[in-house]
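Chain residues, written in single-letter form:
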Amino acid sequence: LLDWQCVTSEINAARRALTGESARDPVAIDAAFAAGWQRLEPLAGDWAEQLRPGNIRVRGVESRHRESYGDWANRLTEFIGGRVLDGLTKRAGAAR
């Protein structure tokens, strides 16, 4: 999980921005969102396409609506959960 600390840091930054003093300031939220991706992109490597902010997906189909900062943070959380499951599955398979 330490390999994914950069992702969890962005999840935490999003939560702070969305619940802190700047939560009512759309300009501040947009700036925090842009800064989050600028920090994460150089560390994302082969996962950049999956982690990049984009459009909202509905039942697996991309819509025309831009993903919000909160949506992106939720997707990053799901991404981390997927990596945890991958790791547990591999460990369980190796233990057999």
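Everything below is about the structure printed above this text.
Residues numbered from 1 in each chain as written. Predicted model: local features only at pLDDT ≥ 70, side-chain atom pairs only at ≥ 80, totals over all residues. Heavy atoms only, no water.

1. What to know about helix H2 (residues 26-44)
Turning to step 1, where the next piece is worked out: The end-to-end C-alpha distance of H2, which contains 19 residues, comes to 26 Å, matching closely the 27 Å that a straight helix rising 1.5 Å per residue would cover.
Turning to step 2, where the next piece is worked out: Among all positions of H2, only Ile 29, Phe 33, Gly 36, Trp 37, Leu 40 and Ala 44 are buried. Down the axis of H2, the buried side of the element spans an arc of 95 degrees, and every buried residue falls inside it. In H2, the exposed residues that point more than 90 degrees away from the buried face are Val 27, Gln 38 and Pro 42.
Turning to step 3, where the next piece is worked out: N-cap assignment for H2: the residue whose side-chain oxygen lies 3.1 Å from the backbone N of Val 27 is Asp 25.
Turning to step 4, where the next piece is worked out: Positive phi appears at Gly 45, one or two residues downstream of H2, with a value of about 55 degrees. (Helix = DSSP H or I, 4+ residues; strand = E, 2+ residues; numbered from the N terminus. Expected span 1.5 Å × (residues − 1). Buried < 20%, exposed > 50% of the residue type's maximum accessible area, 1.4 Å probe, protein only. Arc of directions from axis to C-beta. Polar contact = N/O pair within 3.5 Å; in protein donor to acceptor, adjacent residues only side chain to side chain.)

2. Considering the packing of helix H1 (residues 5-19) against H2
Turning to step 1, where the next piece is worked out: Running from N to C, H1 and H2 point in directions that differ by 175 degrees, and their axes come no closer than 10 Å. Taken together, the axes of H1 and H2 lie roughly antiparallel to each other. In contact with Cys 6, Val 7, Glu 10, Ala 13, Ala 17 and Leu 18 of H1, H2 contributes Ile 29, Ala 32, Gly 36, Arg 39, Leu 40 and Leu 43.
Turning to step 2, where the next piece is worked out: Each residue belonging to the contact of H1 with H2 can be placed in one class, and the counts come to nine nonpolar, one polar and two charged. (Axes fitted to C-alpha atoms, helices over the stretch in contact; angles between N-to-C directions. Parallel < 35°, antiparallel > 145°, perpendicular 65-115°, else oblique. Contact = heavy atoms within 4.5 Å. Nonpolar A, V, L, I, M, F, W, Y, C, P; charged D, E, K, R; others polar.)

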